[in-house]
Amino acid sequence: MTNNINTLLFDLDGTLINTNELIISSYLHTLEKYFPGKYQRDDVLPFMGPTLHQAFASVDPERVEEMVADYRAFNIAQHDALVKEFPGVYQTMQTLTEKGYKLGVVTTKKFDVAMKGLSLMKLDPFFEVVIAMDHVKKFKPEPEPILMALEQFGSTPAEAIMVGDNYHDILGGKNAGTSTAGVAWSIKGRDYIAQYEPDYILEQMPDLLTILGV
């Protein structure tokens, strides 16, 4: 039953806002500079979810900081042109806010860039709490950022659902003791997110309203 749920925590990229093309383009731009001709679109999909440092450390531990800096410069420059909205997200957040739900974002992005995306999609007024990589020492799937968000809300894990498009989100929610919801619009596909056995799978964001009985 979900009638005890009052807090909803969302991943940002690929869940609330469609940054897929921005992220893929940013990785391809950066990797092409350091490894010309080596990486194609499908090769960078596994990098989506982990932090930038984790992703680039897997290809070249010696040049992580350089690659992160190049990635971020390109990403910021192209941000507003490439970020798109997912259908039904704005209306769902508006309804949840009107019904009194506590809404938060838990992301592995830096806070300023996360707020840039929320603001661009006009979603920022709905989120009272935004936990970014700047705020924590350990990232999803570690429970720290999720528990930090719940603490700021004064909510317990039993009162919350963690919603996301990547295994970090689902396992992070499980590790924190919340319910979990995977989104079928993950760029990696519905089957990808289903294998981590979230409590719910959303075909579209308004499905959340049905689950909550709103």
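Quick caveat: nothing in here was measured; it's all calculated off a predicted structure.

## Remarks on the pattern of salt bridges
In step 1: The full count for this structure, using the stated rule, is eight salt bridges.
In step 2: Measuring nitrogen to oxygen at the nearest pair gives 2.7 Å for the salt bridge that ties Glu 203 to Arg 190. Separated by 13 residues along the polypeptide, Glu 203 in the loop between β8 (200–202) and α10 (207–212) and Arg 190 in helix α9 (residues 190–194) bring together distant segments of the chain.
In step 3: On the accessibility criterion, Glu 203 (45% relative accessible area) is partly exposed.
In step 4: Here the salt bridges share partners, and the residues they tie into one network are Asp 11, Lys 140 and Asp 169.

## Section: the sheet that holds strand β6 (residues 160–164)
Sheet strands pair via backbone hydrogen bonds, and the direction of the pair is either parallel or antiparallel.
In step 1: Strands sit in the order β5-β4-β1-β6-β7-β8 across an open sheet of six strands; the sheet is parallel. Of all strands in the sheet, those bounded by a partner on one side alone are β5 (129–131) and β8. Here the average twist between neighbouring strands, direction ignored, is 25 degrees.
In step 2: Note: strand β1 (residues 7–10) against strand β4 (residues 102–106), four bridges, orientation parallel. Along β4, the bridge assignment pairs Leu 8 with Leu 103.
In step 3: Contacts from helix α7 (residues 144–153) reach β1, β4, β5 and β6 within the one sheet, and its direction differs from that of β5 by about 160 degrees.

The rules behind each value
- Residues numbered from 1 in each chain as written.
- Predicted model: local features only at pLDDT ≥ 70, side-chain atom pairs only at ≥ 80, totals over all residues.
- Heavy atoms only, no water.
- Salt bridge = Lys/Arg side-chain N within 4 Å of Asp/Glu carboxyl O.
- Helix = DSSP H or I, 4+ residues; strand = E, 2+ residues; numbered from the N terminus.
- Buried < 20%, exposed > 50% of the residue type's maximum accessible area, 1.4 Å probe, protein only.
- Pairing = 2+ DSSP bridges.
- Axes fitted to C-alpha atoms, helices over the stretch in contact; angles between N-to-C directions.
- Contact = heavy atoms within 4.5 Å.

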